[in-house]
Protein chains: 4
Amino acid sequence: MQQEKPIHPRYRLIVSCPDRTGIVAEVTQLVADKLGSLVESHHHTDVEEGWFFMRIVVQSNQDSVSAAEFRELFEPLAKSFGMQWYLRDSAEKQKLVSMASHASHCLADLLYRWKSGELICDIPCVISNHENLRGMVEWHGIPFHYVPVPKGDKAEAFRAVNEIVTRHNADTVVLARYMQIIPPDLCAKYAGRLINIHHSFLPSFVGANPYQRAYDRGVKLVGATSHYVTEELDEGPIIEQDVIRVNHSSSREDMIRLGRDVEKSVLARGVRSHLEDRVIVYGNKTVVFGA
Amino acid sequence: MQQEKPIHPRYRLIVSCPDRTGIVAEVTQLVADKLGSLVESHHHTDVEEGWFFMRIVVQSNQDSVSAAEFRELFEPLAKSFGMQWYLRDSAEKQKLVSMASHASHCLADLLYRWKSGELICDIPCVISNHENLRGMVEWHGIPFHYVPVPKGDKAEAFRAVNEIVTRHNADTVVLARYMQIIPPDLCAKYAGRLINIHHSFLPSFVGANPYQRAYDRGVKLVGATSHYVTEELDEGPIIEQDVIRVNHSSSREDMIRLGRDVEKSVLARGVRSHLEDRVIVYGNKTVVFGA
Amino acid sequence: MQQEKPIHPRYRLIVSCPDRTGIVAEVTQLVADKLGSLVESHHHTDVEEGWFFMRIVVQSNQDSVSAAEFRELFEPLAKSFGMQWYLRDSAEKQKLVSMASHASHCLADLLYRWKSGELICDIPCVISNHENLRGMVEWHGIPFHYVPVPKGDKAEAFRAVNEIVTRHNADTVVLARYMQIIPPDLCAKYAGRLINIHHSFLPSFVGANPYQRAYDRGVKLVGATSHYVTEELDEGPIIEQDVIRVNHSSSREDMIRLGRDVEKSVLARGVRSHLEDRVIVYGNKTVVFGA
Amino acid sequence: MQQEKPIHPRYRLIVSCPDRTGIVAEVTQLVADKLGSLVESHHHTDVEEGWFFMRIVVQSNQDSVSAAEFRELFEPLAKSFGMQWYLRDSAEKQKLVSMASHASHCLADLLYRWKSGELICDIPCVISNHENLRGMVEWHGIPFHYVPVPKGDKAEAFRAVNEIVTRHNADTVVLARYMQIIPPDLCAKYAGRLINIHHSFLPSFVGANPYQRAYDRGVKLVGATSHYVTEELDEGPIIEQDVIRVNHSSSREDMIRLGRDVEKSVLARGVRSHLEDRVIVYGNKTVVFGA
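An account of the accompanying structure is given in this report. (Residues numbered from 1 in each chain as written. Chains lettered and ligands numbered in written order. Predicted model: local features only at pLDDT ≥ 70, side-chain atom pairs only at ≥ 80, totals over all residues. Heavy atoms only, no water.)

### Things to note about the pairing of strand 8 (residues 172–175) of chain B
Residues and elements named next belong to chain B.
Then comes step 1: Side-chain alternation along strand 8 places Thr172 and Val174 on one buried face and Val173 and Leu175 on a second face that is also buried.
Then comes step 2: In this structure, strand 5 (residues 96–100) lies alongside strand 8, joined through four bridges in parallel fashion. Its bridge partner being in strand 8, methionine 99 is matched across the sheet by leucine 175.
Then comes step 3: Where strand 8 lies against strand 9 (residues 194–198), three bridges are found, and the strand directions are parallel. Bridge pairing in strand 9 places leucine 175 opposite asparagine 196. (Buried < 20%, exposed > 50% of the residue type's maximum accessible area, 1.4 Å probe, protein only. Helix = DSSP H or I, 4+ residues; strand = E, 2+ residues; numbered from the N terminus. Pairing = 2+ DSSP bridges.)

### Points about the relation of the copies chain A and chain B
Then comes step 1: Note on the copies: chain A fits chain B at an RMSD of 0.0 Å, the axial shift is 0.0 Å, and the rotation between them is 180°. Here the transformation between the copies is reduced to the relation of a two-fold axis. No C-alpha of chain A approaches the rotation axis more nearly than that of Ser204(A), which lies at 2.4 Å. (Least-squares fit on C-alpha atoms with pLDDT ≥ 70 in both.)

### A short note on the interface of chain A and chain C
Then comes step 1: The interface of chain A with chain C comprises 18 residues on the first partner and 18 residues on the second.
Then comes step 2: Approximately 1700 Å² of surface area, both sides summed, lies buried where chain A meets chain C, with 49% of it carried by carbon and sulfur atoms.
Then comes step 3: Taken together, the links from chain A to chain C amount to four salt bridges.
Then comes step 4: For Arg113(A), the salt bridge identified is with Asp261(C), shortest N-O distance 3.1 Å.
Then comes step 5: At the boundary of chain A with chain C, the tally comes to eight residue pairs in polar contact (both at pLDDT 80 or more). (Contact = heavy atoms within 4.5 Å. Buried area = accessible area lost by both parts, 1.4 Å probe. Salt bridge = Lys/Arg side-chain N within 4 Å of Asp/Glu carboxyl O. Polar contact = N/O pair within 3.5 Å; in protein donor to acceptor, adjacent residues only side chain to side chain.)

### Some details on the packing of helix 3 (residues 105–115) of chain D against helix 8 (residues 252–275) of chain D
Residues and elements named next belong to chain D.
Then comes step 1: Where helix 3 contacts helix 8, the two axes come as close as 9 Å, and the packing angle between them is 45°. The orientation of helix 3 relative to helix 8 falls into the category oblique. For the pair helix 3 and helix 8, the sense of crossing is right-handed. Residues His105, Cys106, Asp109, Leu110 and Arg113 of helix 3 lie in contact with helix 8, whose contacting residues are Arg260, Glu263, Lys264, Leu267, Ala268 and Val271.
Then comes step 2: Of the residues assigned to the contact of helix 3 with helix 8, the class counts are five nonpolar, one polar and five charged. (Axes fitted to C-alpha atoms, helices over the stretch in contact; angles between N-to-C directions. Parallel < 35°, antiparallel > 145°, perpendicular 65-115°, else oblique. Left-handed = near helix turned anticlockwise from the far one by under 90°. Nonpolar A, V, L, I, M, F, W, Y, C, P; charged D, E, K, R; others polar.)

### Topic: the interface of chain A and chain B
Then comes step 1: In this complex, chain A contributes 35 residues to the contact, which on the side of chain B involves 35 residues.
Then comes step 2: Together chain A and chain B conceal approximately 2900 Å² of surface at their shared face, both sides included; 48% is due to carbon and sulfur atoms.
Then comes step 3: Ranking the residues of chain A by area buried against chain B places Arg217(A), Lys220(A) and His248(A) at the top, with a combined share of 25%.
Then comes step 4: Across the chain A-chain B interface, the total number found is eight salt bridges.
Then comes step 5: There are 23 residue pairs in polar contact (both at pLDDT 80 or more) connecting chain A and chain B.
Then comes step 6: Elements represented by at least two residues in the side of chain A that touches chain B include exactly strand 2 (37–46), helix 7 (210–217), strand 11 (238–245), helix 8 (252–275) and strand 13 (285–288) of chain A.
Then comes step 7: Split into classes, the residues belonging to the side of chain A that touches chain B amount to 13 nonpolar, nine polar and 13 charged.

Following this line, the structure appears as structure tokens:
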């Protein structure tokens, strides 16, 4: 059922820049000449902002230059268009550190998808402010770091968190229902690489206790949102959202239970898109290619 | 494909009261003895509030008492349980007055469903603060009242609206994208009978320009909400909600277009539930049976 | 967040019988007199078949008779209406044996929901015709039985399966992507208690390789179906179904991956409804109350 | 809210051909040099079939060549890659003839979307084998042709249909619940331009009475499918599908009613994609860009 691993590398090239005639032509010409053939390709133009976005996947062959050589060849072109860009070998695995609290559903789901090969990344460790998930994490062969966050000394706790994340060279940090607010310096350090799952359909019910508030408001759908964390609580760029139907007979506990399934899938889809370099943040929005 | 009209009337009995042991037994016993057999039946207990809700549909027969007689027989039982209740012949058509502004999609959809027999009601007239929908309304054989709402004299306009609605003995008023705020006295007069469609997934984007704000926030789903109108704008009891997927390539115009279909179906489902006596308002919430 | 466990038992009473005036009245009267108060209640009348279905949940109190006494008191009434019925203490846990093959997603999901208290049952063992899931199952503290099904001697294998299932007094057997056809005698023995997940939206793609066939047909949605197993392959009563959107860019592998999430949730919802006595089979259909 | 009409034309270029390195580069280079700038762009590679598909939207400017000139310039390139292709001015309106029978919902929905500017096309006439929709069609200012299809002489009827469709130079024919089987010669003549709505989630319930059969099978979702008509009944390339939830309490009439809304939106989305040149048929499948 699995495709054979190609002998020659496959690359993802991600580009964003001011829109101008000829970008696609010049980029794809250089790619065709030096790197290989397109196997996937997505473009988007935000006409209002005058901005262009592109993600292509290139299959290299025996005549292709190396990634390093291509980056050098591409740089002048990128400069002339004012591009932000990167090229990644799709076999390269990001290092993903996950953080959780007491609730297990999102973390268990992430670890399952990782173990079964659905999420392609390395998970060097999990950090939690509770001990209860240690057994599950360690059964997966992943180190578990317990970092309590006492009310009086949160700063010290987040210094420890930062130290662990830094030591493991994390590319991406995923908050799998981590119930502490991340301090601004960490938000800034991991801008565009720190993903949270919020248990409501944002911008409804920003902040604490969204299911209780959904119940009190009498809504007929509850939802979840995966987004990049910024300094402003629950206001960062949205990656993915979904909802599920509830009704008058749904208790708060039913909403929480039904919501768990939405949280899991919305977080997993968001993380997968991020790991596959499908997400480009611009302003407070995202382009999510092929989602 | 259509069921034959029964010769004997079919009734809906709607009850809500403090929860207590024996309500269903006593009500269904009286119904079985005097009115006929159950063909539909829904109960709900709000355990937290200690409140009970019931909607049953009863098929009468040649031995049944009349509706008037049943009401008299039922009254002592209702009193003993502290019930709010009503009995309606399901062949009885409510009088529904619809109000619209410039946008046609919700009104056109309501009129189509009415004409094709999907919404069972009479529509004595349509009121609008614009002239452009007159042709469509009159083609359906429905009188069209143009009541402009000038900035300086809204009170006078709503006196005229009230007069028309009252003259037609409206049971229910449906705001099919009517873009004026209803004054508090009309909200109070038609409490629980005045239905609005809001073009967002409430409580997201209360107030004006929800699609623009959804676009600016970068949400991945847009929605609509049908709800009863109260004095507080977009805060009334929710009847029905739904959403549709959008993405980074969806312009505001795309969101508006996709949203129109959600608005139409969410309003139609809300109105249908209301006309079939499936909705019970309590506090700021609704029970919607069998939706 | 959890409700306190009631000191007095809570019962589920499930009834189906020919429709007649007065059933609800008589049943709820006896319940109110002897057993307690209704906390949940669902009825359905299949008008065409003239058949009535009911599921009520009753909270008993210090004055209630015991379950055994109530069953005795109920029997004459049940007989007079020709009822099929049972009363179950909702604290009673069914014994659920799950069977799987090589794919882990459905089984992992079931075990997670069981461990986290979302599926209330005992799981005395898991049976598989492969060894690869042993580690995961045993980590949950559940015995794992490896019963290979060799091409030449399937009958012997299913004798072993039957022996294991019988020894554990299984109330319910769940096929969590078990890829062998169950022989007719086992289908008959566990009629209405043997649940399968089929990886298509039945009746589309009955039989083998549904994702391949969905891909070949160019469908725009793929789905899954949980159903009771009968002798006729994939033709048993459907409990739950759902679908997910695919498009021209979805490879077979994408369909399989996206379908896994649908399979998991459709199976979990079906099993949960079954364990909560919400499903009544009649003919080749199901009534699923409150799903 | 509406975008201003551009003074210079906007073009759609649709291409499919055997996959090869350099296609995008060469096409977009010629476009950038001669025609204008990309405002929309979709590619797809069917890796298995080795086939490439592209749809781009190009905004021309004062320096652009004309459409005719561009076609001439493009032809050699197209030949060298073995392309099937066309270029269309997006202001050009297709001529769409719709055919219906007795049921009004799909036709009413199409006409509403056409009248409100959501479907950009001309509708020179509607053909029906019943008279009942004449009033609605003519109110929209569209000629209505009544062509009965008597059991004994269907061939004559379809000669008349063909004559009308041909006389109006129809680009596209839409069967909006037209309940007669189209003869093979018409299927062939309008291959890839004759769209039908089937009232089931194909390949479930091919042929007659899908709702009855869905009801009998006890499915938990009903659906609809828009597809191109081929000689084999309900087996043509699928454009769009969707489903809606039903349950044990849904009668056949409920399924038909709920299904109508799905039919309408699935047909409208299919027709819209077709009119915007987003659909490419290959084999018995479709690529639907940006749906």
